[in-house]
Amino acid sequence: MMDPRLSVPSGLLVLLAMAAGGTAQGAWLAQDPSWVVDSAGTPSVSADGVVSDAAKTLDGNILTIWNPQGIEGDWYIVLDLTMPYTLTSIALNNYGDTTHDVRAFKLQKSHIPDGSLRNWQDVVTVTDVEGGNLFHHRQEFGGFEETSRYWRFVITRTYSGYQPWLRELNLYAMSDDVDECADGTDNCHAQATCTNTDGSFSCVCGSGYRGDGVACTDVDECADGTDNCHAQATCTNTEGSFSCVCGSGYSGDGVACTASFIHGNTA
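Q: Looking at this structure, I do not really get the side chain of K56. What am I missing?
A: Topologically, K56 is positioned in the loop between β4 (51-52) and β5 (68-69). If sequence neighbours within four positions are ignored, K56 has contacts with V50, V51, N61, T64, I65, W66, R167 and E168.

The following block contains the structure:
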């Protein structure tokens, strides 16, 4: 775990993330504006009524911004991810100028649900965010690994000292789920399909079998009358399936049978 007191250049953060990544699996979380439960300042409102609140950083729209007013320094956004996630990277899109672009920020976490009592702990501090880039230029910062449900993103400096205009925030989370199907640690029957789910797995018997997926038995389609053999064909049950053979005096594939006519010689 990174010492939260350190201020780490972004280049080193990337290297640390690569070194710490190993074979662990993760993904960028789907953004959700409802994660925002608190933020600093008062969001600006445009002439046409568009509110530039903190939720705009999680709306997936790079053209909208968060524009907090009425506060100088330590512009923060508090997030409730609704469940604990292990975060290892954070990404942001600056506005694209050197007046309102973020220059430094820190990410904090808390395990206390009550917002008024939360004791925020520093997770990572970044002091060299690039400014003046095009708005679609996304900057990613890693090198940490912490788990929590409640997070606070704090902008500590902008390039000019004016309030930030932030376009997007993204969070990268590690997956704690074990794929029992891939690992072979499931208890599905040999004739069942195993499907991994978040924190578990499911088993479904394959075609021609019935059961709960853990125990699967062959279905006798002939006895059940669920075969599609012709009325003049013999149905024979097989493991996981059945076969159809046309009876004497008939020809075909067993599903379709036609009478066979034999023409003899006449005197």
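Q: Could you clarify how one ought to interpret the pattern of salt bridges in this entry?
A: Side-chain pairs of opposite charge can arise where the charged atoms are in close proximity. By the definition in use, this model includes 5 salt bridges. D80 is paired through a salt bridge with R149; the nearest N and O atoms lie 2.6 Å apart. With a gap of 69 residues between them, D80 in strand β6 (residues 75-94) and R149 in strand β10 (residues 146-158) connect regions that are remote in the sequence. By relative accessible area, R149 is classed as partly exposed at 30%.

Q: Whenever I open this one, the environment of S39 confuses me. Can you help?
A: One can find S39 in strand β2 (residues 36-39). The contact partners of S39, leaving out residues within four places of it in the chain, are A54, W66, Y76 and I77.

Calculation notes
- Residues numbered from 1 in each chain as written.
- Predicted model: local features only at pLDDT ≥ 70, side-chain atom pairs only at ≥ 80, totals over all residues.
- Heavy atoms only, no water.
- Helix = DSSP H or I, 4+ residues; strand = E, 2+ residues; numbered from the N terminus.
- Contact = heavy atoms within 4.5 Å.
- Salt bridge = Lys/Arg side-chain N within 4 Å of Asp/Glu carboxyl O.
- Buried < 20%, exposed > 50% of the residue type's maximum accessible area, 1.4 Å probe, protein only.

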